[in-house]
Amino acid sequence: MPKPKKVAIGLKERLQRMQAAGLLQHNGGVAADSDTIESLPDRIRTILGIIRHQPQKATTMNYMIMYDIENNKVRKMISKYLEQQGCIRIQKSVFMANTDHPKFNAIHATLKDINSFYENADSIILVPVNVADARSMKLIGSNVSIENIVDPPTTLFI
């Protein structure tokens, strides 16, 4: 007998199944997810790839998604969902994306549905970012100057 085909389960249905199984309670000692993120130079190259992208069509936009999600399992599922949607992780709980308005609206609707699905004190913020604002970003906490990355100098001092 052949194996039954795998049916893709959406994020909302997975969360419903987790809730039915009693797995969406507070973390209660569950280890934090161990998502790995790229090195800082790789993340900066990725951000610059979005910022320096060719002129955008009126139907596309840059935006950042930031979240503070208490439940480790939900947080992990949302981060995987965002990566599947083409969002680029720039920090553990911050993603950047360049998509069209319908996809932005679909991501927003999905995240809103998930957040309203179970009792929580979580927050998810979606912030449109224009190219000029992205170029004026400042980086704190590392020896990397965002100004030198966005507009590299043309002179080399030795």
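Please refer to the structure placed before this passage.
Cut-off values and rules
Residues numbered from 1 in each chain as written. Predicted model: local features only at pLDDT ≥ 70, side-chain atom pairs only at ≥ 80, totals over all residues. Heavy atoms only, no water. Salt bridge = Lys/Arg side-chain N within 4 Å of Asp/Glu carboxyl O. Buried < 20%, exposed > 50% of the residue type's maximum accessible area, 1.4 Å probe, protein only. Pairing = 2+ DSSP bridges. Helix = DSSP H or I, 4+ residues; strand = E, 2+ residues; numbered from the N terminus. Axes fitted to C-alpha atoms, helices over the stretch in contact; angles between N-to-C directions. Contact = heavy atoms within 4.5 Å. Expected span 1.5 Å × (residues − 1). Arc of directions from axis to C-beta. Polar contact = N/O pair within 3.5 Å; in protein donor to acceptor, adjacent residues only side chain to side chain.

(A) Representation of the pattern of salt bridges. For the coordinates displayed, the defined rule picks out 1 salt bridge. Linking Glu83 and Arg89 is a salt bridge whose minimum nitrogen-to-oxygen distance equals 3.7 Å. We classify Glu83 as partly exposed; its relative accessible area is 39%. On the basis of relative accessibility, which here comes to 10%, the residue Arg89 falls in the buried class.

(B) Main features of the sheet that holds strand β1 (residues 60–68). Pairing in this open sheet of 4 strands is antiparallel, and the strands run β2-β3-β1-β4 from one edge to the other. Of all the strands in the sheet, the pair left with one neighbour each is β2 (88–91) and β4 (123–128). Adjacent strand axes in the sheet meet at a mean angle of 25° when their direction is disregarded. Pairing of β1 with β4 involves 6 bridges; the strand directions are antiparallel. In the sheet register, Asp68 faces β4, and the bridge partner there is Ser123. Along the sheet, helix α3 (residues 72–84) makes contact with β1, β2, β3 (94–100) and β4, crossing β1 at roughly 170°.

(C) Quick peek at helix α4 (residues 101–117). Along its 17 residues, α4 runs 24 Å from first to last C-alpha, staying within 8% of the 24 Å computed at 1.5 Å per residue. Along α4, the residues classified as buried are Phe104, Ile107, Leu111 and Ile114. One face of α4 carries all of its buried residues, which in axial projection span an arc of 100°. Of the exposed residues in α4, those oriented more than 90 degrees away from the buried face are Pro102, Lys112 and Ser116. Tucked into the core, α4 has its buried residues touching α1 (11–20), β1, α3, β3 and β4.

(D) Examining the side chain of Asn71 more closely. Summarising the element assignment, Asn71 is placed in the loop between β1 and α3. Given the relative accessible area of 6%, Asn71 is considered buried. Within the structure, the side chain of Asn71 is placed 2.9 Å from the backbone nitrogen of Lys73, a separation counted as a polar contact. A polar contact of 3.1 Å, which involves the side chain of Asn71, links it to the backbone nitrogen of Val74.

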